[in-house]
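Structure assessment
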Amino acid sequence: IPTSIGSCSELRVLDLGDNNNMNDLMIPSSSYNRPVMVGVNNLAGSIPTEIGQLTMLEVLVLSSNQLIGSIPTSIGPCSELR
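Residues numbered from 1 in each chain as written. Predicted model: local features only at pLDDT ≥ 70, side-chain atom pairs only at ≥ 80, totals over all residues. Heavy atoms only, no water.

**Points about the overall build of the protein chain**
- In terms of regular secondary structure, the protein chain is built from 0 helices and 5 strands.
- Counting from the amino terminus, the protein chain carries its helices and strands in the arrangement β-β-β-β-β.
- A sequence separation of at least 24 residues applies to 38% of the contacts in the protein chain between residues at least 6 apart.
- In the form shown here, the protein chain has an accessible surface area of approximately 4900 Å², with 52% of it arising from carbon and sulfur atoms. (Helix = DSSP H or I, 4+ residues; strand = E, 2+ residues; numbered from the N terminus. Contact = heavy atoms within 4.5 Å. Areas by Shrake-Rupley, 256 points an atom, 1.4 Å probe, with all protein chains shown as cover.)

Now the structure itself:
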């Protein structure tokens, strides 16, 4: 996900789910606060610690991937996440 996605002011939802074309979970710029859906993509590895930079993020869907490890503690500042 390019960091420039944060400048797409009219974008309401970033839904990249169920496409199986992603190798890594990339984090958009910290100004991005719309729902991010990347479920069912066979993403592998761990959730990047940079996820904590998305402090205004409200929705994050990571289901049905091959992610390992714990949810990073850096997600703490994401107080809008539901």
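**Some thoughts on unusual backbone geometry**
- Of note in the backbone geometry, S64 takes a positive phi value of approximately 55° without being a glycine.
- For S64, the location among the structural elements is in the loop between β4 (60-61) and β5 (66-67).

**Quick notes on the side chain of N65**
- Of note, N65 is situated in the loop between β4 and β5.
- Given the relative accessible area of 14%, N65 is considered buried.
- A polar contact is formed between the side chain of N65 and the backbone nitrogen of L43, at a distance of 2.9 Å.
- Polar side-chain contacts of N65 include one of 2.9 Å to the backbone oxygen of L62.
- The residues contacting N65, other than those within four sequence positions of it, are V38, G39, V40, N41, N42 and L43. (Buried < 20%, exposed > 50% of the residue type's maximum accessible area, 1.4 Å probe, protein only. Polar contact = N/O pair within 3.5 Å; in protein donor to acceptor, adjacent residues only side chain to side chain.)

**Side note on the confidence of the model for the protein chain**
- Residues with a pLDDT of 70 or more make up 71% of the protein chain, whose mean pLDDT is 76.
- For the protein chain, per-element mean pLDDT is lowest for strand β2 (residues 36-37), which scores 68, and highest for β5, which scores 84. (pLDDT = per-residue confidence, 0-100.)

**Brief notes about the environment of S70**
- Relative to the helices and strands, S70 resides in the segment after β5.
- Considered as a pair, S70 and S46 are 24 residues apart in the sequence and their alpha carbons are 7.7 Å apart.

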